[in-house]
Structures are given as structure tokens and as C-alpha cells.
Amino acid sequence: MNERYLQLRSLSEGLKLLKERFSFEPEIMQIPVQDSVGFVTAFAVHAPLSYPAGHLSAMDGIAVRSTDTHGTTDQNPLVIKDYAKVNTGNLIPSQYDAVIMIEDTEEVEEGVLIRMPAYPWQHIRPVGEDIALGEMVLPGGHTIRSGDIGAMASYGITSVDVLSLRVALIPTGSEIVSLGTSPKPGQVIESNMLMAGADLRKIGAQVTMYPVIPDEPDQIKKTVEEAVNSHDLVLVSAGSSKGTKDYTSKIISELGTVFVHGLAIKPAKPVIFGEISGKPVIGMPGYPVACHTILREIVLPALSWYGLHVPEHQVIEARLAGPLHSEIGIDEFVLVTIGKIADSWVALPMSRGSGIQMSLVRSNGYITIPATSEGLESGSKVSVRVTTPISEAEKTILITGSHDPVIDHLSDQLKNSGIFPSSIHVGSMGGLLALKRGDCHLAPMHLLSEDGDYNIAFLKRFMPEENLVLICLAEREQGIVSRTGLNFDDITTHRFVNRQKGSGTRILLDYMLKEKGISPESIQGYNREMTTHLAVCLAVMSGDADLGMAVHSAAKVYDLPFIPVGTERYELVMRADTYESDYRVQSVISVIQSENFKSLLLRLGGYKTEETGFIRKITPS
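Parameters at a glance
Each chain has its residues counted from 1, following the order in which its sequence is written. Local features in this predicted model are restricted to residues whose pLDDT is 70 or higher, and side-chain atom pairs enter the listing and the counts only when it is 80 or higher, whereas totals over whole chains, interfaces and linings include all residues. Side-chain descriptors were evaluated using all non-hydrogen atoms of the structure, hydrogens and water having been removed beforehand. The axes used here are C-alpha line fits, helices contributing only the stretch in contact, and every angle between their N-to-C directions lies in the interval 0 to 180 degrees. Here a strand is any run of E in DSSP of at least two residues, a helix any run of H or I of at least four, and the numbering for each starts at the N terminus. Our angle categories are set so that under 35 degrees counts as roughly parallel, over 145 as roughly antiparallel, 65 to 115 as roughly perpendicular, and the remainder as oblique. Crossings are sorted by hand: turned counterclockwise from the far helix by less than a right angle, the near helix makes the crossing left-handed, and turned clockwise it makes it right-handed. Between two residues, a contact is recorded if the distance between any of their heavy atoms is within 4.5 Å. Ten residue types, Ala, Val, Leu, Ile, Met, Phe, Trp, Tyr, Cys and Pro, are classed as nonpolar, four, Asp, Glu, Lys and Arg, as charged, and the remainder, Gly among them, as polar. Pairing between strands requires that DSSP locate at least two bridges from one strand to the other. Within the patch definition used here, like charges are joined within 9 Å and nonpolar side chains (Val, Leu, Ile, Met, Phe, Trp, Tyr) within 5 Å, considering only residues with over 30% relative accessible area and no salt bridge. All accessibility values rest on the Shrake-Rupley procedure with a 1.4 Å probe; residue burial counts only the protein chains present in the view. Basic side-chain nitrogens of Lys or Arg form a salt bridge, by our definition, when they fall within 4 Å of a carboxyl oxygen of Asp or Glu. Whether a residue is buried, partly exposed or exposed follows from its accessible area with a 1.4 Å probe, protein chains only, as a fraction of its type maximum: under 20%, in between, or over 50%, in that order. Per residue, pLDDT measures the predictor's confidence, with a range of 0 to 100.

Moving on to the packing of helix α4 (residues 217-230) against helix α5 (residues 248-255). Between α4 and α5, the shortest axis-to-axis distance is 10 Å and the interhelical angle comes to 55 degrees. As summarised for this structure, α4 and α5 are arranged oblique, according to the angle between their axes. Once α4 is placed against α5, the crossing between them reads as right-handed. Between α4 and α5, the contacting residues are Pro217, Ile220, Lys221, Val224 and Glu225 on the first element and Ile251, Glu254 and Leu255 on the second. In terms of residue class, the contact of α4 with α5 is made up of five nonpolar, no polar and three charged.

In space, the six strands of this open sheet follow the order β16-β13-β17-β21-β20-β18, with mixed pairing throughout. At either end of the open sheet lies a strand with only one pairing partner, and these are β16 (206-209) and β18 (257-261). Averaged over all neighbouring strand pairs, the angle between strand axes comes to 20 degrees, with direction disregarded. Where strand β17 (residues 233-237) lies against strand β21 (residues 279-284), four bridges are found, and the strand directions are parallel. Opposite Val234, over in β21, you have Val281 as the bridge partner. Sheet strands in contact with α4 are β13 (166-171), β17, β20 (272-276) and β21, and its direction is about 170 degrees off that of β13. Of the strands in this sheet, β17, β18, β20 and β21 touch α5, which is tilted by about 25 degrees from β20.

This part takes up a nonpolar patch on the surface. Residues Leu179, Ile189 and Leu194 make up a contiguous nonpolar surface patch of roughly 270 Å² in combined accessible area. In this structure, Ile189 sits in strand β15 (residues 188-189). Exposure remark for Ile189: the relative accessible area of 32% places this residue in the partly exposed category.

Confidence in the prediction of the protein chain, expressed as mean pLDDT, is 93, and 98% of residues score 70 or more. The element-level mean pLDDT for the protein chain is lowest in helix α9 (residues 405-413), coming to 88, with strand β28 (residues 381-386) highest at 98. In this model residues 1-5 is a low-confidence stretch, pLDDT under 50, and it forms 20 contacts with partners more than four residues away in sequence or in other chains.

Here the focus is unusual backbone geometry. In this chain, Tyr51 is followed by Pro52 through a cis amide linkage whose omega measures -5 degrees. Along the chain, the position of Pro52 falls in the loop between β2 (45-46) and β3 (56-57). Across the junction of Lys266 and Pro267, the peptide omega takes the value 0 degrees, indicating a cis bond. You can see Pro267 is positioned in the loop between β19 (265-266) and β20. Backbone geometry places His123, a non-glycine residue, at a positive phi of 55 degrees. Considering the arrangement of structural elements, one finds His123 in the loop between β9 (111-114) and β10 (124-125). If you check the backbone angles, Ala268 has positive phi at about 90 degrees while not being a glycine. By the secondary structure assignment, Ala268 is in the loop between β19 and β20.

A word on the pattern of salt bridges. For the structure shown, the criterion picks out 35 salt bridges. We note a salt bridge from Arg65 to Asp82, for which the minimum N-O separation is 2.2 Å. Placement of Arg65 in the loop between β4 (61-64) and β5 (78-80) and of Asp82 in the loop between β5 and β6 (84-86) is noted, with a sequence separation of 17 residues between them. A salt bridge links Glu107 to Lys85; its shortest N-O distance comes to 3.2 Å. Here Lys85 lies in strand β6 and Glu107 lies in strand β8 (residues 105-108), a separation of 22 residues in the sequence. Owing to a relative accessible area of 59%, Glu107 belongs among the exposed residues under this scheme. Judged by relative accessible area, Lys85 falls into the exposed class, the value being 58%. Salt bridges sharing partners connect three or more residues here, namely Asp453, Arg569, Glu571, Glu611 and Arg616.

Attention shifts here to the sheet that holds β9. Spatially, three strands are ordered β5-β9-β8 in an open sheet, and the strand pairing comes out antiparallel. Across the chains shown, the open sheet's two edge strands, defined by having one partner strand only, are β5 and β8. Adjacent strand axes in the sheet meet at a mean angle of 35 degrees when their direction is disregarded.

On to the pairing of strand β38 (residues 615-618), then. Only one face of β38 is buried: it carries Arg616 and Ile618, and the other face, with Ile615 and Lys617, is open. Looking at chain direction, strand β32 (residues 468-482) and β38 are connected through four bridges and run antiparallel. When the sheet's bridge partners are listed, Leu468 is paired in β38 with Ile618.

Structure, rendered in C-alpha cells:
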């Protein structure tokens, strides 16, 4: 029966209902020590022997009786005749209680000459120095590490009892195809359960990955029933909403009980909690970011109730770069990229679309907008849960502004420097304003002024009191891309796709339209905006538009005809103090000024490198 159907519960209430309904008792299995890394010990592990098992020499030298060496000095050396030569790790004969290092001895005809006395147990590892018979090696509930494996092996432990949690992952959907299959239009490669499996294995769960099940209720039901019989927890991907092919809730109800269907969270509102044969079954939304949210906020906490170790994310305080509006009554989780500018953390919100997987790739943290809030203002202080090591976040450099494919190549060129570039494409004006607010380290821009120069006039207008530095990435060709070789004069007779307001390309287009006396209203598609040059080219290649304006290198990626309309200066802008003191920025500049980078630009095509690496400085008037 259905106890709840799309009746929204709060996340905390949903977790409480889930925790109260099941015992979350894991099974126990014995596995070879060498295979146990990442698993959690079921019980305390005790040493079956003492280690070392006898008194061992800690040095190369001679074993002696310490009493035989009393009174020895440099002025009154002593020849030892009763001794045993030993190497590091050798068993010490029972009659001796000290070792003298070989470098402190001198062989003579009568024996061995020493010049200082030895004391009892000198350079000897006594029985049980490391661990004594019966002493605890590892406590119960401990996540086994590589060093633990080495220690257990040394102590003669060959197998260990660990917590066993068997999790079944069932992807569903007739539009879903397996990894390695070439998807047709309308098909999607299954990724949610691959992501889930990686998360769960990392903390010691045993994962069974089922093949993709099409939207056939009987087949899904049979698979869920089989999974419940042989697993402790079952996760079903997709089919949790209320559409005509969303069968998960109905199937769980037929086999058992649905006790929660819908949580007041975003993304992942239509999540399902069910019980079949006394075991929890969780139905997850099909969108990747929603699935990731369920894994992080529900599944991983549930695994910790079984006793598995789920690492906690470190929390830092940051300033929010941009406003976030939210629906009241819903806890919303927003992925962000954080970076440190001067001594303060800045958090840049990622796209909030549930299907935008690149938000997961580009983010290194997330924030929560509570259900009691309608959103957060730009500049607000927010608590960020950091999902990467803090040391990595501290090496992140925030690049916000105009898009060019070369920014991605620049990021790749930095791979050996330990710097992690994170780029947000908001157009040249968006980047300028982000730089003005202190929300980025570098702002790529190509803003054409009436005097024919790029960027400086805009920077002096919007940041008149700032000392700024510009470094030229390249001079690049802008032009018209199409499938049939159209040129700028065809813009009023064919479907056009535009760049967003504030982008340098949009400013250049409007400048040329004004020069030629062409009204934007006469252009079909003028108001259809893309945030990158590659997106423009993709729209043209796929037939959604006949022509657009983009850089030559983007046209080459899609092998589209390109008709140049002009060459522009593409620069990175930064504050002067950032230029002078930030090692991350210096690493970027070093790459830009390298011959390797110039060679890369020439290989990509559509760039002139005579000005690449050239620095211009702006001081207040």
C-alpha cells in the first residue's frame, strides 16, 4: 500500500522516518587481510603473537654484556673478547643484553676494542616492543588503511572480520543505454549508477550493478524482487516521478510499502523510501545532479547507520558571488566553486539545472539555502561544505568572463603546476563586473571601444580608481560560421544565433550592425543567446540556426565554414596586487608567455601570437 504519495516531507523528517523503520544491522564477512583496505572492522582485532617475538638487534654491530663494558672511556679503552657479531634484525643470544654499533668498534688481534660503555638494552628491540600477544591491533568500527594491512600481516593475521553491506544498483529507462553503447538521438548513457557505485565502493560497500532495465513494469518488478532477496539495500534509478512511465513507486508498493514519496528538497524532490521484506529500497530521480544529491544527503548517511565510515566535508565561510533566488518551503542545495582571493573565500554558484553534470565536475563544494529562506543576496556570507581537499581548493584560480576555447587549453597547460583553474562564462562585461566586485582572480575580455582599442576604455570607465594589469592571450579572428559559407550580409535573410548581452562578441556584432545600418529587429534569432562560441557552432552544425558569430578556433572544432569579419585583442585582466603577489596568477602568466603556449595557439588556428604574453598596465588618472 502507499502510505505517502508525493506528499512532501522535510529532509530531516524523511531521514528520521527512514532511520526509525530499519535496524540497519550489517552482516559480517571474513576476508583476506590483503583485500581489506577500505573495509570496516566488525570487531576489535588482537595480535595472535608478540612482535618482535624475540629480542632483536636494532643495529649492525656486536652483542655484549653491558656489565663487561663498565668503566670504559676514550682514554681507557677496553678489548671485549666475549661477544657475538649481529646484523640489524638478528636475534640476540640470551647471555647478552646490549648492542654496540659497528662504527663504535675496532677489531684487534685480541678481540674488539671499544671506547665507551654500553647500557642495558642499548640498541635492542625487546620482545613485544611493537605489540604484545593479545594486545589490540585495531578497534571495531575502524576503516582499514594500507598501513593497517602491513601491520596485521607482520603480526601473522591472515584474515579479518569486516562489516558486509550489499547494495544493489538498478538503472531503469527505455531511453537509457549502457556505457560503451553509441547512443542514438533521444537516448542517454547510464551514468547515475556508475556514480553511485563509485561513491559506495569507496566507503567499503559491496556493490552489484544490474544491467539497464527498460520501462517494462514486469521486468523491473522481477529485478527489484531478486535484488531485495540477495542485498541489504536496493537503489533504483529513475521512475520516481509521476509520469506515465514512472513505475518505481507502484512496483515497490506491490512488493512492499512506500512510506515516503517526495521530500521538500531541490534537486531530487520525487525521491522514494520503500520497504520490501524488511529491507530499505530507495527510488532515485533520473537527473544526474538530483541523483548525486540523494547519494550525498540520504544514501551515504544511511550507510553510516550500518557502521560504514562516511567522511564529513569540511565547512568554510565564503562570500557569495551572485544572488540566488529559492522557493520558500524547500531546502535547496547549490553546487559552487570556491577560490581564495587575498585572504577571503569566494563561492561562485554553478548552473542549477538537475541535468547539468558539468556542474558536478566544476564544483568543489555546495551550499544549502534553507526552506525558511527565499534566497541569498550577492555578497552574503555562506557556509560551504567543501567536497575536495582544502589544499586543492586553495590552489583554485577563478576565471570569470568572456569564453574562448583557448581558456580550456590554458587550463590543461597548467596541469603540472598544481593550479586548478575554474572558468565561468558570463561574457566580457560580466567578467569586468565580477573583477570589480572582487569575485574572480582573472577576467577574460575583448571589449571594443570607439577608438578601436580593446578593454582599456571600459576598465577606466568601470574601475577608474584601480591599478590593473592586462596580459594578452592572443589576437583572434572573429567571423561568421555556417554550414554553407554564409557571410555577414546574409544575417537578415537566414536564421541567426547570438551571444549573450555583455559578451565582447555581442558588442562587436552590435558595433558592426550600427556601422551597416542594420536593425536588430530585422534579424531572425537575434534574441536567441548562447554563452560560448562552441555553443554557437553547435547550434549551427545541428541545424537549429543557419549562421552565428564565433571565433575561428571554435569553427574548426566543428569543421564549419568560417568567414572572418575582424581581428580582436583577447586579454586577461587582473588587479595589480593580484599580479604582483599571487603565485597562482604568476603560474598562469608563465604558461601564457611560454613558447609551448604560442605553438598551441598556432596549431589551433585563428590566432595571432605576436602580442601573446604582452602586458599592459592601467593606473588611476
